[in-house]
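These are the residues of each chain, in order.
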Amino acid sequence: MRSAGVLHADTEILVPFFDVDTMHVVWHGHYVKYLEVARCALLDKIGHNYNQMVDSGYAWPVIDLQLRYVRGAVFGQRLNVRASLVEWENRLKIHYLITDAQTGERLTRASSVQVAVEVSSREMQLASPKVFTDAVERILR
């Protein structure tokens, strides 16, 4: 069973025409963009978004991304994209759930893993920087 996470952020997306193919179904690669929108909302909620990460001296590249497509989203459909924080002490792991905003039907689930890399040395960190874990701990209190 997938972990629900300790904190989540929901984002609503209206599927635009330029994200669909000739059958008006969202092209599979665009789902990654939807995940990114939800991940940014989650990081904003934590109070440590990408700008703050870079300002603290760390980049957070995605090292693993997994998607499971259940049903294709279509042009004009309103989607709810939920990003849930699962791990943050040694790496940033987020689970995602994309559902139809009106019916709640599950369309896609996914997960991503990011690691901290010190910008100046380009070295991957074996633990998340204290500035990030402190931000998570503050929001969880």
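Residues numbered from 1 in each chain as written. Predicted model: local features only at pLDDT ≥ 70, side-chain atom pairs only at ≥ 80, totals over all residues. Heavy atoms only, no water.

By the naming in an unreviewed UniProt entry, the protein chain is Acyl-CoA thioesterase, taken from Pseudomonas glycinae. Comment text from UniProt for the protein chain, heading Sequence similarities (unreviewed entry), reads "Belongs to the 4-hydroxybenzoyl-CoA thioesterase family." (UniProt positions renumbered as here; feature names shortened; annotations may be inferred.)

Q: Explain the layout of surface pockets to me, please; I cannot follow it from the model alone.
A: Considered as a void within the structure, the largest pocket measures approximately 200 Å³ in volume. Lining the largest pocket, in full, are Arg2, Ser3, Ala4, His8, Arg82, Ser84, His95, Tyr96, Leu97, Arg106 and Arg109. Broken down by secondary-structure element, the contributors of at least two residues to the lining of the largest pocket are β4 (78-87), β5 (92-100) and β6 (106-114). Top contributing element to the lining of the largest pocket by residue count: β5, with three residues. When its residues are assigned to classes, the lining of the largest pocket shows three nonpolar, four polar and four charged. (1 Å grid on protein atoms, 1.4 Å probe; cavity = no way out; pocket = protein on both sides within 12 Å on 5 of 7 lines; lining within 4 Å. Points joined across faces, edges and corners; volume = space filled by probe spheres on them. Helix = DSSP H or I, 4+ residues; strand = E, 2+ residues; numbered from the N terminus. Nonpolar A, V, L, I, M, F, W, Y, C, P; charged D, E, K, R; others polar.)

Q: What is the right way to look at the pairing of β6 in this model?
A: Look at any regular strand and the pattern is simple: side chains alternate between the two faces of the sheet. For β6, the buried fraction is high: seven of the nine residues fall into the buried class. Inspection of the sheet shows strand β3 (residues 62-69) paired to β6 by seven bridges, in the antiparallel sense. Across the sheet, residue Leu65 finds its bridge partner in β6, namely Ser112. The pairing of β5 with β6 spans eight bridges and is classified as antiparallel. Note that in β6 the partner of Thr99 across the bridge is Arg106. A loop of five residues connects β5 with β6, the two strands running antiparallel in sequence, and Gly104 in this loop sits at a positive phi of about 80 degrees. (Buried < 20%, exposed > 50% of the residue type's maximum accessible area, 1.4 Å probe, protein only. Pairing = 2+ DSSP bridges.)

Q: Looking at this model, I keep getting lost on the environment of His8. Mind explaining?
A: Within the secondary structure, His8 sits in strand β1 (residues 7-14). Since its relative accessible area comes to 31%, His8 is described here as partly exposed. His8 sits 86 residues away from Ile94 along the chain, and the two C-alpha atoms are 9.1 Å apart. A polar contact of 3.0 Å, which involves the side chain of His8, links it to the side chain of Arg82. (Polar contact = N/O pair within 3.5 Å; in protein donor to acceptor, adjacent residues only side chain to side chain.)

Q: Just to check I follow, could you spell out the nonpolar core for this structure?
A: For soluble globular proteins, the rule of thumb is that nonpolar side chains tend to be buried together. Within the largest apolar cluster, 32 residues are counted, with the highest numbers of intra-cluster contacts made by Tyr34, Leu42, Ile46, Leu85, Leu92, Ile98 and Phe132. Breaking this core down by element, the ones donating at least two residues are β1, α1 (30-46), β4, β5, β6 and α3 (130-140). No other element matches the seven residues that α1 contributes to this core. Not counting residues up to four positions away in its chain, the partners in contact with Leu92 are Leu43, Met53, Trp60, Leu85, Glu87, Ser112, Val113, Gln114 and Phe132. (Core = buried A, V, L, I, M, F, W, Y, C linked by side-chain atoms within 4.5 Å. Contact = heavy atoms within 4.5 Å.)

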